[in-house]
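Coordinate analysis (summary)
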Amino acid sequence: MTTTTRTIPVNRDVQAHRKQQAAEQRDAFTRRGTFVVNLVSSPGAGKTSLLEATARYWGNSRRMAVLVGDLATERDAERLRPYVPVEQLTTGGACHLELSLIQQGLQRLPDDDYEFLFIENIGNLVCPASHDLAEHLRVALLSTTEGDDKPGKYPKMFRTSQAIVVSKTDLLPHVPFSVDAAVADARQIQPDLAAFSVCASTGEGIADWCRYLDHERERLFGSHMAEQKVDRT
Amino acid sequence: MHEVSLVQSLLNQVERLREAHGGTTVTRIEVEIGPLSGVEPVLVREAFDLLVADSDWPAAELVIDEVPLSARCKQCDATFNIESFRFECPQCGSRAVNVTRGDQFRLLNVTLETPQPMESPA
């Protein structure tokens, strides 16, 4: 028997199957009214602090839960546990979260009808940009100590995000960082980015950020949660 | 560095294709990588060399087609390449553009060896 060579044309995204699974999981979240936010940043930008401040601001007025990813330790989950149901996802060295880890984490959360589910991604502005975790909203956090020239260096992350949050604004007097320059740089890559400035330790900007989350959820799911809103301003 | 995980997924897809088409081995895998595909060609090649050695077709060759980032303007419909991640239409200046190519890691073609049945005598 002789052999012959055949070229099979495929022309398909290597991640097509994963993207399809993410779309199905997103539909499942939407059906149960859970608005999912994927929070991405470099390590130490303040993702956990932003979530603590968000949980403190909302108190019991929103049903929220957190899945937090790290290479090792339960430290972030321990910080958030006083406020909200939280599950730590440890990747053991992987540089990003994948949908399968999110789905395992969901099984361990006590309920399945949260209004908001936050995914705190691994601190990394590169790999998480390529992984759809079934979120409705991707938010890139950038702290004032990192430099306002960073968005242009990580184009995929900012291109695939819907919002940029500048954190640690209390340090602005001490660091050469312009919020306007950082946001302008990010909007060169993604002109539709919403932009917020926050200081998690003083609470500055947290009200605007939380209003935005409510607004985005309502825009997507309708206004059936409007009566639960608490005006704290 | 998530290239290892994506290349492993690529190899799994190629193996399923080989099975589906009754190939005896895989000789060539052609992929497309663009500036926003989220993978680095150099790292994809390193990951491929590492992983293909453990596959059933260790001699398979990887061909990487590096493509530019292409877009279409939502305002004036112009098509153009994006340089230095400046998402702006060179025709009308609009920043409302859709990326049309260069934002994915794509499997283009797979070349297999398949058994050729003996010609039956006339």
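Preceding this section is the structure that the text describes.
Summarised in this report is the structure supplied together with it. (Residues numbered from 1 in each chain as written. Chains lettered and ligands numbered in written order. Predicted model: local features only at pLDDT ≥ 70, side-chain atom pairs only at ≥ 80, totals over all residues. Heavy atoms only, no water.)

**Describing the nonpolar core**
Residues and elements named next belong to chain A. One finds V66, F118 and W209 to be the most contacted residues of the largest nonpolar core, which totals 34 residues. The greatest single-element share of this core, amounting to 7 residues, is contributed by helix α7 (residues 206-221). Those residues in contact with V66, other than ones at most four positions away along the chain, are L51, L80, V84, P85, V86, E87, L109, L117 and F118. (Core = buried A, V, L, I, M, F, W, Y, C linked by side-chain atoms within 4.5 Å. Buried < 20%, exposed > 50% of the residue type's maximum accessible area, 1.4 Å probe, protein only. Helix = DSSP H or I, 4+ residues; strand = E, 2+ residues; numbered from the N terminus. Contact = heavy atoms within 4.5 Å.)

**A look at the packing of helix α1 (residues 3-20) of chain B against helix α2 (residues 41-52) of chain B**
Residues and elements named next belong to chain B. α2 packs onto α1 with a crossing angle of 55° between their chain directions and a minimal axis gap of 9 Å. Considering the angle they form, α1 stands oblique to α2. For the element pair α1 and α2, the recorded crossing hand is right-handed. Residues E3, V4, V7, Q8 and L11 of α1 form the contact with α2, whose own contacting residues are L43, V44, A47, F48, L51 and V52. A per-class count over the contact of α1 with α2 returns 9 nonpolar, 1 polar and 1 charged. (Axes fitted to C-alpha atoms, helices over the stretch in contact; angles between N-to-C directions. Parallel < 35°, antiparallel > 145°, perpendicular 65-115°, else oblique. Left-handed = near helix turned anticlockwise from the far one by under 90°. Nonpolar A, V, L, I, M, F, W, Y, C, P; charged D, E, K, R; others polar.)

**Concerning the sheet that holds strand β3 (residues 69-73) of chain B**
Residues and elements named next belong to chain B. Ordered in space as β4-β3-β5, the 3 strands form an open sheet in which the pairing is antiparallel. Single-partner strands in this sheet number two, and they are β4 (79-82) and β5 (97-101). On average, each strand axis in the sheet is tilted by 40° relative to the strand beside it, whichever way the strands run. Two elements, β3 and β5, share 4 bridges in a ladder whose sense is antiparallel. Counterpart to S70 in the pairing with β5 is R101. (Pairing = 2+ DSSP bridges.)

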